[in-house]
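Now for the letters of each chain:
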Amino acid sequence: MSRTLTVALLLTFTAPAYAQDQQPDAAKLKTDAQKVVSIISRDKLKTQTYCQILELSDQIDQDENPANTDELAQKIDNLEGKLGPEFMTFVHDLSNIDPNSPDAR
């Protein structure tokens, strides 16, 4: 249950911090984050998939071998598709945020 809470907190609190005054509307991103959290937290398989993505992301952060990093990134891409179109849309919208904006910093 604590992983579900982690997923919920991560998605709910990061979206507004990164999204305000950016191309994707902050209010829309917040609503989308809440929707994605709801979808993932209600489905045990999707929750496990999300946790696998977090574990692979941690491995990428610790691995210095580019070949391993590419392989892990491919695994993450494959797993993200299993989380559904709402998750993919949300991730895409987050990637369109200007990293130099005050909110992104």
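This section reports on the structure supplied with the text.

### What to know about the packing of aromatic side chains
The full count for this structure, using the stated rule, is one aromatic pair. Taking the centre distance of 6.2 Å and the plane angle of 80° together, the rings of Y50 and F87 count as edge-to-face. Remark: F87 occurs in helix 5 (residues 85–95) and Y50 occurs in helix 3 (residues 44–62); sequence separation between them is 37 residues. For Y50, a relative accessible area of 5% puts it in the buried group.

### Observations concerning the side chain of D32
Its place among the elements puts D32 in helix 2 (residues 26–42). Accessibility expressed as a relative area gives 18% for D32, which makes it buried. Each residue touching D32, except ones within four places of it in the same chain, is listed here: F90 and D93.

### Considerations on the nonpolar core
Note on soluble globular proteins: their nonpolar side chains tend to be buried together. With 14 residues, the main nonpolar core has I40, L83 and F87 as its most contacted residues. At the level of secondary structure, the elements contributing two or more residues to this core comprise helix 2, helix 3, helix 4 (66–82) and helix 5. Residues contacting L83, with those up to four places away along its chain left out, are I40, K46, T49, Y50 and I53.

### Description of the pattern of salt bridges
Within the structure shown, the criterion is met by three salt bridges. For K28, the salt bridge is made with D32, and the minimal N-O distance between the two is 2.6 Å. Taken as a pair, K28 and D32 lie in helix 2 at a separation of four residues, close to a single helical turn. Overall, K28 belongs to the partly exposed group, its relative accessible area being 41%. Of the charged contacts in the structure, one is a salt bridge between E71 and K75, with a shortest N-O distance of 3.7 Å. With E71 and K75 both in helix 4 and four residues apart, this pair spans about one turn of that helix. Several salt bridges share partner residues, and in doing so they unite K28, D32 and D93 into one network.

### So, the packing of helix 2 against helix 3
Running from amino to carboxyl end, helix 2 crosses helix 3 at an angle of 110°, the nearest separation of the two axes being 5 Å. Judged by the inter-axis angle, helix 2 sits roughly perpendicular to helix 3. Of the residues in helix 3, those touching helix 2 at I39, I40, S41 and R42 are K44, K46, T47 and Y50. Considered class by class, the residues forming the contact of helix 2 with helix 3 number three nonpolar, two polar and three charged.

Cut-offs and rules
Residues numbered from 1 in each chain as written. Predicted model: local features only at pLDDT ≥ 70, side-chain atom pairs only at ≥ 80, totals over all residues. Heavy atoms only, no water. Phe/Tyr/Trp six-rings, centres within 6.5 Å; stacked < 30°, edge-to-face > 60°. Helix = DSSP H or I, 4+ residues; strand = E, 2+ residues; numbered from the N terminus. Buried < 20%, exposed > 50% of the residue type's maximum accessible area, 1.4 Å probe, protein only. Contact = heavy atoms within 4.5 Å. Core = buried A, V, L, I, M, F, W, Y, C linked by side-chain atoms within 4.5 Å. Salt bridge = Lys/Arg side-chain N within 4 Å of Asp/Glu carboxyl O. Axes fitted to C-alpha atoms, helices over the stretch in contact; angles between N-to-C directions. Parallel < 35°, antiparallel > 145°, perpendicular 65-115°, else oblique. Nonpolar A, V, L, I, M, F, W, Y, C, P; charged D, E, K, R; others polar.

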